[in-house]
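In case you want the letters, here they are:
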Amino acid sequence: MLMLITYDVNVTKEGGKKRLARIAKICKNHGIRVQNSVFECEIDPATWVLFKDKLLKTYNPELDSLRFYMLKGHHKIEHYGSK
């Protein structure tokens, strides 16, 4: 399945920069970065459960945001501008 992962980490609070780096590293291990805080991940359901769990254990729900979009059907992606 194709997943789009986006995140916003509050780096102004203590530990924010470390959380940001850890979240980015977790995402890099499962997909490709398409924008600074956006990753496309082609992932099987079993791996998705583990991947999502790692992210949810890393972010701070009071300060940060994670969004997961499951892209169904035809995976047509149009991209314009620099990569």
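Summary of the structure given here. Remember, predicted model here, so these are calculated numbers, not experimental data.

1. Here we look at the overall build of the chain
Right, so step 1: In terms of helices and strands, the chain carries two helices and four strands.
Right, so step 2: Reading the chain from its N terminus to its C terminus gives the helix and strand order β-α-β-β-α-β.
Right, so step 3: At 13 Å, the chain has a C-alpha radius of gyration in line with the 12 Å of a compact globule built from 83 residues.
Right, so step 4: Its C-alpha atoms give the chain principal-axis dimensions of roughly 40 × 35 × 20 Å.
Right, so step 5: Here the contacts in the chain between residues at least 6 apart in sequence split such that 65% fall between residues at least 24 apart.

2. Digging into helix α1 (residues 16-28)
Right, so step 1: Between its first and last C-alpha atoms α1 spans 18 Å; for 13 residues at 1.5 Å apiece the expected length is 18 Å, and the two agree.
Right, so step 2: All buried positions along α1 are accounted for by G16, R19, I23, A24, I26 and C27. Buried positions in α1, seen along its axis, are confined to an arc of 160° and lie on one side of it. Opposite the packed face of α1, turned more than 90 degrees from it, sit the exposed residues K17, K18, K25 and K28.
Right, so step 3: Check the buried side of α1 and you find it contacts β1 (2-8), β2 (32-35), β3 (38-42) and α2 (45-58).

3. Side note on the packing of aromatic side chains
Right, so step 1: Under the definition given, this model contains three aromatic pairs.
Right, so step 2: Geometrically, the ring pair formed by Y7 and F39 is stacked, given 6.3 Å between the ring centres and 20° between the ring planes. Here Y7, found in strand β1, pairs with F39, found in strand β3; they are 32 residues apart in sequence, far enough to count as distant. In this pair, the class of Y7 matches that of F39, namely buried.
Right, so step 3: When the ring of W48 is compared with that of F68, the centres are 5.1 Å apart and the planes differ by 85°; the resulting orientation is edge-to-face. Highlighted residues: W48 in helix α2 and F68 in strand β4 (residues 65-71), separated in sequence by 20 residues.
Right, so step 4: Following the ring pairs from residue to residue traces out a cluster consisting of W48, F51 and F68.

Calculation criteria
Residues numbered from 1 in each chain as written. Predicted model: local features only at pLDDT ≥ 70, side-chain atom pairs only at ≥ 80, totals over all residues. Heavy atoms only, no water. Helix = DSSP H or I, 4+ residues; strand = E, 2+ residues; numbered from the N terminus. Rg over C-alpha atoms; globule rule 2.2 N^0.38 Å. Contact = heavy atoms within 4.5 Å. Expected span 1.5 Å × (residues − 1). Buried < 20%, exposed > 50% of the residue type's maximum accessible area, 1.4 Å probe, protein only. Arc of directions from axis to C-beta. Phe/Tyr/Trp six-rings, centres within 6.5 Å; stacked < 30°, edge-to-face > 60°.

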